[in-house]
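# Observations on the model geometry
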Amino acid sequence: MPTPSRSPQSVLIDALFFNREKRLLEEFRERLDTLEHLQQLEHVSGIRDRAVLERLLESGITAESLAALGLVPLVMVAWADGEMAAKERDRIVALASAAGIESHNSRYPLLRHWLQRRPPPELFAAWRASMEQLRGSMAAGDLETLRRDILDRAVEVARASGGLLGFGERVSPAERAVLQEIEQIFREPG
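How each quantity is defined
Residues numbered from 1 in each chain as written. Predicted model: local features only at pLDDT ≥ 70, side-chain atom pairs only at ≥ 80, totals over all residues. Heavy atoms only, no water. Salt bridge = Lys/Arg side-chain N within 4 Å of Asp/Glu carboxyl O. Helix = DSSP H or I, 4+ residues; strand = E, 2+ residues; numbered from the N terminus. Buried < 20%, exposed > 50% of the residue type's maximum accessible area, 1.4 Å probe, protein only. Expected span 1.5 Å × (residues − 1). Arc of directions from axis to C-beta.

### As for the pattern of salt bridges
All told, the structure shown has nine salt bridges when counted by the stated rule. Asp149 is the partner of Arg153 in a salt bridge, and the nearest nitrogen-oxygen pair spans 3.1 Å. One end of the pair, Arg153, and the other, Asp149, are both in helix 7 (residues 140-159), four residues apart, so they sit about a helical turn from each other. A residue is classified by how much of its surface remains accessible, and Asp149, at 28% relative accessible area, is partly exposed. Here the salt bridges share partners, and the residues they tie into one network are Glu144, Arg147, Arg148, Glu183 and Arg187.

What follows is the structure in C-alpha cells.
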C-alpha cells in the first residue's frame, strides 16, 4: 500500500524537529561527558570545588593529564640521587593508586616504565613547559592548590627512604635540589 503523499511543509517541519532533537541530544551527551570528566578530575585531583574543576577542564586539563603532571615530579625526586629506593617506589605506587592510576588501567605501563628506568631529562623539561603553560592559564589560588599538592606528595616520596636506620635527615641533597626546582617552576613569573 503506497504511503500517503506528504506536504512539503510537513516534511520541513519533521526535518526541523529532527534537527532540533538531534541538537538537543548532542547537547545532552556533551553535558554528560563534561560531568564525567569533572568527576574523573575530582577523583584524581582531590579538588572538590566545581568552579575550579570547570576552569581546569576549560584550560584543557583532563584527569589523565593532571595525573601525569602530578606523577612526573614524584618520579624525578625519587631518581634524584641516581636510584629509586623500594620505599620511594612503593610510595609513588600508593600515591598513583590514590589518583586512580592502578595496574589495570591504561596509564600504568608508563608509570611502571618510569619506576624501572630513570626517565630522560627531557621528561622533566616537558613537565616544566607544561607547567609554564598551565601557570599562565590558571587562577592564582588554583595554581597555589596545585603547587601545594604536588610539593606535598614530592616531599612524601623524598622522605620515604633515607636517613640511617630511619633516623637523621631523610631528604638527600639531590632530592632537596629537585624539590627546590619544582618550587621555582611554580614561582617563576608567567
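### Section: helix 4 (residues 86-98)
Because each turn of an α-helix spans 3.6 residues, side chains separated by three or four positions in sequence point in the same direction. Look at helix 4: 18 Å from first C-alpha to last across 13 residues, which is about the 18 Å you get at 1.5 Å a residue. For helix 4, the full list of buried residues reads Glu88, Ile92, Leu95 and Ala96. All buried residues of helix 4 lie within an arc of 100° about the axis, which places them on one face of the element. Away from its buried face by more than 90 degrees, helix 4 exposes Lys87, Asp90 and Ala98. Looking one or two residues beyond helix 4, the residue adopting positive phi is Gly100, at roughly 90°.

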